[in-house]
Protein chains: 2
Amino acid sequence: MRQSQLFTKTRKEAPSDEVSKNAQLLIRAGYVHKEMAGVYDLLPLGLRVIEKIKGIVREEMNRVGGQELLMSSLQRKELWEQTDRWSDETVDVWFKSELAVGGEVGFGWSHEEPIMDMMQQYVASYKDLPASVYQFQTKLRNELRAKSGIMRGREFIMKDMYSLHATEEDLNEYYEKVKQAYLVIFKRLGLGADTYVTFASGGAFTKFSHEFQTVCDAGEDVLYVHRGKNIAVNEEVLDEAVKELGLEKDQLEKVKSAEIGNIFNFGTDKAAQMGITFASKEGSKDPVFLASYGIGITRALGVIVEKFADEKGIVWPESVAPFTVHLVGLNSDDDAVRDYTDGLYTTLTEEGVEVLYDDRDARTGEKFADSDLIGIPYRVVVSKKTQEEGRFEVVTRKTGEVRFLTEEELLNDFMPTGTEEDND
Amino acid sequence: MRQSQLFTKTRKEAPSDEVSKNAQLLIRAGYVHKEMAGVYDLLPLGLRVIEKIKGIVREEMNRVGGQELLMSSLQRKELWEQTDRWSDETVDVWFKSELAVGGEVGFGWSHEEPIMDMMQQYVASYKDLPASVYQFQTKLRNELRAKSGIMRGREFIMKDMYSLHATEEDLNEYYEKVKQAYLVIFKRLGLGADTYVTFASGGAFTKFSHEFQTVCDAGEDVLYVHRGKNIAVNEEVLDEAVKELGLEKDQLEKVKSAEIGNIFNFGTDKAAQMGITFASKEGSKDPVFLASYGIGITRALGVIVEKFADEKGIVWPESVAPFTVHLVGLNSDDDAVRDYTDGLYTTLTEEGVEVLYDDRDARTGEKFADSDLIGIPYRVVVSKKTQEEGRFEVVTRKTGEVRFLTEEELLNDFMPTGTEEDND
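The name given to chain A in an unreviewed UniProt entry is Proline--tRNA ligase. On record in UniProt, under Catalytic activity (unreviewed entry), the comment for chain A is "tRNA(Pro) + L-proline + ATP = L-prolyl-tRNA(Pro) + AMP + diphosphate".

A. Geometry of the packing of helix α2 (residues 44-63) of chain A against helix α5 (residues 168-188) of chain A. All names here are of chain A. Two elements in contact, α2 and α5, have axes separated by 10 Å at closest approach and are oriented at 160 degrees. Taken together, the axis directions place α2 and α5 in an arrangement best described as roughly antiparallel. In this structure, α2 crosses over α5, and the sense of that crossing is right-handed. Contacts between α2 and α5 pair I56, V57, E59, E60, M61 and R63 from the former with A181, Y182, V184, I185 and R188 from the latter.

B. Geometry of the domain arrangement of chain A. When its domains are assigned, chain A resolves into domain 1 (21-308) and domain 2 (325-414). Of note, the centres of domain 1 of chain A and domain 2 of chain A, computed from C-alpha atoms alone, are 40 Å apart.

C. A look at unusual backbone geometry. Residues and elements named next belong to chain A. The residue after L129, namely P130, is reached through a cis peptide bond having omega -5 degrees. By secondary structure assignment, the location of P130 is in the loop between α4 (112-119) and β7 (131-140). Positive phi, close to 55 degrees, is recorded for D84, a residue that is not glycine. Note that D84 resides in the loop between α3 (77-82) and β5 (95-98). Within the chain, N230 stands out as a residue other than glycine whose phi angle is a positive 60 degrees. Turning to its location among the elements, N230 is positioned in the loop between β11 (221-226) and β12 (231-234).

D. Spatial organisation of the relation of the copies chain B and chain A. Mapping chain B onto chain A calls for a screw motion: a turn of 180 degrees about the axis and a shift of 0.0 Å along it, with 0.0 Å RMSD after fitting. Viewed as a symmetry operation, the transformation between the two copies matches a two-fold axis. By C-alpha distance to the rotation axis, the residue of chain B lying nearest is S97 of chain B, at 2.7 Å. When the interface residues of chain B are mapped onto chain A, 100% of them are again interface residues, pointing to one common binding face.

E. Quick look at the interface of chain B and chain A. Taken together, the contacts link 56 residues of chain B with 56 residues of chain A. Taken over both partners, the interface formed by chain B and chain A buries close to 4800 Å², and the fraction arising from carbon and sulfur atoms is 63%. Area buried by chain B at its contact with chain A is led by F7, Q67 and Y122 of chain B, which between them contribute 16% of it. Where chain B packs against chain A, one counts four salt bridges.

F. Spotlight on the pattern of salt bridges. Overall, the coordinates contain 77 salt bridges over all chains when judged by the stated rule. Residue E354 of chain A pairs with K52 of chain A through a salt bridge whose shortest N-O separation is 2.8 Å. Here E354 of chain A is found in the loop between α9 (335-350) and β18 (355-358), whereas its partner K52 of chain A is found in helix α2, with 302 residues between them in sequence. Between E18 of chain B and K34 of chain B there is a salt bridge, with its nearest N and O atoms 2.9 Å apart. In this pair, E18 of chain B sits in the segment before α1 (21-28) while K34 of chain B sits in strand β1 (residues 32-36), placing the two residues 16 residues apart along the sequence. Given a relative accessible area of 4%, E18 of chain B falls into the buried group. Taken together, the shared-partner salt bridges connect E59, E60, R63 and R188 of chain A into one network.

G. Representation of helix α8 (residues 297-308) of chain B. All names here are of chain B. With 12 residues, α8 ought to run about 16 Å at 1.5 Å a step, and its terminal C-alpha atoms sit 17 Å apart, in line with that. In terms of burial, α8 is largely enclosed, as nine of its 12 residues are buried. Among the residues making up α8, those that are buried are I297, T298, A300, L301, G302, V303, I304, V305 and E306.

H. How the structure looks around the packing of helix α9 (residues 335-350) of chain B against helix α12 (residues 407-414) of chain B. Residues and elements named next belong to chain B. Close contact between α9 and α12 brings their axes to 11 Å; oriented N to C, the two are set at 35 degrees. Crossing handedness for the pair α9 and α12: right-handed. Each of Y340, L344, T347 and L348 in α9 lies in contact with α12, whose residues at this interface are E407, L410 and L411. Across the contact of α9 with α12, the residue classes break down as five nonpolar, one polar and one charged.

I. Spotlight on the packing of aromatic side chains. Throughout the structure, instances matching the rule amount to 37 aromatic pairs over all chains. Ring geometry for W94 of chain A against W109 of chain A: centres 6.0 Å apart, planes inclined by 80 degrees, an arrangement best described as edge-to-face. With W94 of chain A in the loop between α3 and β5 and W109 of chain A in the loop between β6 (104-107) and α4, this pair connects stretches of sequence that are 15 residues apart. Grouping residues by exposure puts W94 of chain A and W109 of chain A together as buried. Note on F95 of chain A and F107 of chain B: the rings are 5.7 Å apart at their centroids and 80 degrees apart in plane angle, and the pair reads as edge-to-face. Residue F95 of chain A is located in strand β5, and its partner F107 of chain B is located in strand β6 (residues 104-107); the two belong to separate chains. Assigned by exposure class, F95 of chain A and F107 of chain B land together as buried. It is K96 of chain A that lies over the ring of W86 of chain A; its NZ or CZ is 4.5 Å from the centre.

J. A look at the side chain of R360 of chain A. All names here are of chain A. Within the fold, R360 resides in the loop between β18 and α10 (364-374). Looking at R360, its side chain comes within polar contact range of the side chain of D370, at 3.0 Å. Apart from the residues lying within four places of it in its own chain, the contact partners of R360 are Q3, S4, S332, E366, K367 and D370.

K. Fine view of the side chain of K367 of chain B. Looking at where K367 of chain B falls in the secondary structure, it is placed in helix α10 (residues 364-374). Those residues in contact with K367 of chain B that lie beyond four places of it in its chain are V328, G329, L330, D358, D359, R360 and A362 of chain B.

Conventions and cut-offs
Residues numbered from 1 in each chain as written. Chains lettered and ligands numbered in written order. Predicted model: local features only at pLDDT ≥ 70, side-chain atom pairs only at ≥ 80, totals over all residues. Heavy atoms only, no water. UniProt positions renumbered as here; feature names shortened; annotations may be inferred. Axes fitted to C-alpha atoms, helices over the stretch in contact; angles between N-to-C directions. Helix = DSSP H or I, 4+ residues; strand = E, 2+ residues; numbered from the N terminus. Parallel < 35°, antiparallel > 145°, perpendicular 65-115°, else oblique. Left-handed = near helix turned anticlockwise from the far one by under 90°. Contact = heavy atoms within 4.5 Å. Domains from an automatic or database assignment. Least-squares fit on C-alpha atoms with pLDDT ≥ 70 in both. Buried area = accessible area lost by both parts, 1.4 Å probe. Salt bridge = Lys/Arg side-chain N within 4 Å of Asp/Glu carboxyl O. Buried < 20%, exposed > 50% of the residue type's maximum accessible area, 1.4 Å probe, protein only. Expected span 1.5 Å × (residues − 1). Nonpolar A, V, L, I, M, F, W, Y, C, P; charged D, E, K, R; others polar. Phe/Tyr/Trp six-rings, centres within 6.5 Å; stacked < 30°, edge-to-face > 60°. Lys NZ or Arg CZ within 6 Å of the ring centre and 35° of its normal. Polar contact = N/O pair within 3.5 Å; in protein donor to acceptor, adjacent residues only side chain to side chain.

Right under this line is the structure:
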């Protein structure tokens with residue numbers, strides 16, 4: 001993409017009411033636009049990153065046999081009354097409205113109830129189990145407080161998966177498989193090293209639930225971490241967990257963290273509440289076992305910005321960057337240099353490299369500052385000097401490392417390898 | 001995908017309150033689930049079709065330089081008050097709710113106002129124009145009536161594009177380019193032959209607006225069509241248009257139709273209302289020119305079902321079908337036949353052919369009936385007999401044509417050609 005054509009420009013300032021680092025940077029670099037507190041539009045650059053994150057999550061969910069679908073945002077009151085989750089006393093984040101034809105309607109802040117209700121249409125017997133479906137859904141939550149930028153919005157994108165099983169063993173086995181898939185996802189997102197499977201408060205069915213928490217100063221949770229044993233405990237269950245897991249409190253490090261995923265074992269609770277059964281092999285009508293698995297897609301993006309940004313701007317891991325290469329053309333008033341840079345842009349693009357090409361008529365300093373702010377992993381600079389020398393300056397955004405490569409070396413370096421994994 | 005693993009099965013009956021043919025078929029075949037009147041979940045098969053439609057629209061929007069983004073669903077009251085479109089008297093399809101922090105919030109039924117408001121952040125001078133952005137957005141509309149299945153929902157997916165221009169000439173030129181792109185899209189969706197650029201009631205700025213209407217008995221509009229001259233007029237402007245275009249009323253054919261797209265020239269009206277200007281070359285502050293361009297994505301799906309379905313079920317054009325080939329394995333109790341069919345499934349899939357493989361342990365009649373209902377373009381039948389003869393029965397869903405092909409001929413026939421266009 002030519003930057004002169006890109007819709008959005010960098011901005012000097014974020015809105016004065018924006019207090020979070022992630023939103024400030026994302027707004028200044030042109031990734032998102034603030035619609036109101038906790039509500040952000042995804043501009044072209046931001047949508048590209050979101051689609052990269054979704055792509056990684058989708059691959060891993062498909063790998064564990066999940067099937068993608070899309071539930072509605074509009075919610076039936078009757079359905080949520082069955083599980084006593086309609087009233088504002090039990091769920092305090094509902095947005096609700098009146099239907100023109102009469103009656104109340106809700107807006108999806110979660111989808112467990114409609115998913116279960118829908119799935120029972122297709123799950124009649126043990127032969128139809130297990131079943132696992134997921135969606136990328138815009139959730140709407142009437143949060144009282146929205147000060148964490150895109151890490152905690154009133155409107156945000158979540159991947160939620162639901163699996164139904166005939167037996168507890170089958171659920172447990174699948175639950176473990178998804179847990180591993182989640183670790184792969186966070187590794188691929190560049191968050192692997194700082195993301196912990198965390199013991200948190202459980203439901204009626206299990207002592208602890210599992211959260212995926214990423215150590216992050218901007219997070220709203222507090223963890224106690226044993227880095228050596230790779231164990232983390234949410235503050236809310238610290239005493240219980242320490243006893244249960246045989247830990248010493250004073251060996252644990254207290255850190256702030258952001259919950260970017262959770263998995264939850266409902267056992268047969270939800271099915272019992274909603275009257276959802278299947279015919280077992282023996283012919284009895286048994287309640288199905290349910291587990292749910294969430295990942296905050298927009299939150300993951302916010303966490304990535306918070307964790308890796310430096311004083312100059314955003315730093316994207318290669319796996320989710322909007323482009324791999326930021327091609328910065330200097331001396332663009334010199335026709336020969338411009339033609340040469342145009343040619344390199346064409347070559348790289350044709351080779352399948354994702355390139356943002358700064359072809360703007362702007363000062364060098366402005367181009368470099370914008371490039372740092374936008375945070376694309378590799379900056380390739382073409383100037384009269386580099387053209388004459390037949391080598392390009394390649395700067396790695398993350399480390400600041402500078403290399404001088406020939407065109408051939410450049411192409412070899414950036415050619416998409418076809419592997420899915422991010423090797424950062 | 002193996003059909004035994006597919007989440008959803010065909011159903012004998014649609015819900016008794018479902019009166020539209022498109023939703024009845026889509027529910028029975030397992031493409032959608034009815035959440036409430038006018039609100040449907042997209043199940044895995046349905047989501048696949050929607051993504052195919054979106055893919056075609058995305059390609060053509062990118063081709064005319066549109067840049068994809070995603071606006072929020074939540075809407076600020078103040079913004080819509082500027083254009084006098086907040087009150088229920090002027091817009092009767094709003095869903096509204098109360099924010100927990102106080103104040104009203106709306107849910108997006110359209111996005112002209114927030115798009116304009118956002119775009120003014122990035123459009124300061126004539127150098128920033130033209131600009132063209134689009135989104136695939138879930139629109140929420142509090143419709144009083146919802147009896148047309150997914151053709152007119154309370155929740156539906158729409159592609160909406162917006163272009164800003166410095167001059168009327170530039171707008172007109174782009175408007176014409178998008179009009180042509182729309183015709184390409186509807187052709188690729190298989191709807192080209194019956195879709196007319198239709199004269200409809202215009203805004204303040206133009207005498208007529210342009211709708212894209214597809215002749216369809218289930219449609220809610222009435223057109224007067226001159227097939228020879230390739231002209232169509234919406235009933236609402238018949239008298240005016242007949243006079244203006246020099247037509248004779250008795251030469252026009254009256255047909256029912258569905259509006260699947262529209263393009264609208266706002267001129268400078270919206271900018272004037274919202275106070276959005278740009279600095280011209282001469283330094284004056286001028287209001288920008290705006291046009292908007294919509295396509296009903298879920299509606300297009302509904303229209304395709306309505307138009308092509310026959311008494312046996314859905315008939316998909318190849319370009320939007322969830323799979324290209326429905327591989328139906330018979331005699332699956334015979335290990336040799338089953339192994340052979342499994343192998344063919346693997347080969348086709350590895351060659352990049354999208355295959356739904358009916359590997360279920362079911363009666364032949366049931367398999368064929370389900371296959372007809374689901375409507376995949378080509379059915380390939382493998383049985384003991386076809387295996388022995390080394391030829392497969394290939395049935396074209398649309399025409400019923402039966403061919404007997406060798407494996408080599410089969411592969412040649414279905415190998416993806418890499419062309420984008422649907423050659424129906």
